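Residues per chain are reported as follows:
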Amino acid sequence: MLEPLRQGLPPLNLAAASDASSCALPARYEAVREARRFTRETLDRWDLGDRFDDVCLVASELVTNALRHGLPAGAPRPAAPEPPVRLHLMRWTERLVCAVRDPSDDSPVARASDDFSAESGRGLFLVESFSDGWGWHPMAGAFGGKVVWALFRLPRSAGRPRPGA
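Read on for a plain summary of the structure. (Residues numbered from 1 in each chain as written. Predicted model: local features only at pLDDT ≥ 70, side-chain atom pairs only at ≥ 80, totals over all residues. Heavy atoms only, no water.)

1. Some remarks on the nonpolar core
Of all hydrophobic cores here, the largest spans 32 residues; its most connected members are Leu-25, Leu-62 and Leu-87. Top element by residues in this core is helix α2 (residues 52-69). It accounts for 9 residues. Not counting chain neighbours up to four residues away, the residues in contact with Leu-87 comprise Ser-21, Ser-22, Cys-23, Leu-25, Ala-35, Phe-38, Thr-39, Ala-59, Cys-98, Ala-99 and Val-100. In this structure, Trp-92, Ala-99, Val-147 and Leu-151 belong to the second largest nonpolar core, which totals 6 residues. (Core = buried A, V, L, I, M, F, W, Y, C linked by side-chain atoms within 4.5 Å. Buried < 20%, exposed > 50% of the residue type's maximum accessible area, 1.4 Å probe, protein only. Helix = DSSP H or I, 4+ residues; strand = E, 2+ residues; numbered from the N terminus. Contact = heavy atoms within 4.5 Å.)

Written out as structure tokens, the structure reads:
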């Protein structure tokens, strides 16, 4: 599940991310707009605005999937100290990871579809097409659920901090 994070790159120390940012998202479809805003602000702050289109599309799809499939309609939702979906962006020297946590234990399933005009069912196909790899990992402990992530390779010079930032 985590193997694609290594894709021909040196081993990844998850604790050594050079930058990390996350935001909690409410269980409403308006959260997708908030995820796009958060992604724009974060990538601009990291001087990675040129990656916005791909990363934003993937973040939008992962958040939409979390809302649609990770929070089934009608399922009882226990009161939690924070919203049930969380978007994480993490940057290392040569890679950026976009990860979305949701409370479902169900693994994500990419649907095979020949209907490219369909309005739904292509989310993970888009994630796979616009990122350099994706996967998921079950969460342990009190939170439970899972994290679905997508990897983006960065050129070595990408994301140099701006002076005064």
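There is more to say after this.
2. Describing unusual backbone geometry
The backbone phi angle of Asp-47 is positive, close to 60 degrees, even though this residue is not glycine. Along the chain, Asp-47 falls in the loop between α1 (31-45) and α2. Among the residues examined, Asp-47 registers a relative accessible area of 37% and is labelled partly exposed.

3. Considering helix α3 (residues 123-130)
In an α-helix, one turn spans 3.6 residues, which is why side chains three or four residues apart end up on the same side. Of all the positions in α3, only Gly-123, Leu-124, Leu-126 and Val-127 are classed as buried. For α3, the angular spread of buried residues about the axis comes to 155 degrees, placing them on one side. If you follow the buried residues of α3, they end up packed against α2, β4 (133-138) and β5 (146-153). (Arc of directions from axis to C-beta.)

4. Concerning the pattern of salt bridges
Counting across every chain of the model gives 6 salt bridges. Note that Glu-34 is salt-bridged to Arg-37, the shortest N-O span being 2.2 Å. With a gap of 3 residues between them, Glu-34 and Arg-37 both fall in helix α1, about one helical turn apart. Of the residues examined, Glu-34 reaches a relative accessible area of 28% and is grouped as partly exposed. Taken together, the shared-partner salt bridges in this structure form one network comprising Glu-34, Arg-37 and Glu-41. (Salt bridge = Lys/Arg side-chain N within 4 Å of Asp/Glu carboxyl O.)

5. What to know about the sheet that holds β5
Spatially, β1-β2-β3-β5-β4 is the arrangement adopted by the 5 strands of the open sheet, whose pairing is antiparallel. Whereas interior strands pair on both sides, the edge strands pair on one side only; in this sheet they are β1 (19-25) and β4. Each strand of the sheet is rotated relative to its neighbour by a mean of 15 degrees, with strand direction disregarded. Across 6 bridges, the pairing between β4 and β5 is antiparallel. Of the residues in β5, the one forming a bridge with Trp-136 is Val-148. (Pairing = 2+ DSSP bridges. Axes fitted to C-alpha atoms, helices over the stretch in contact; angles between N-to-C directions.)

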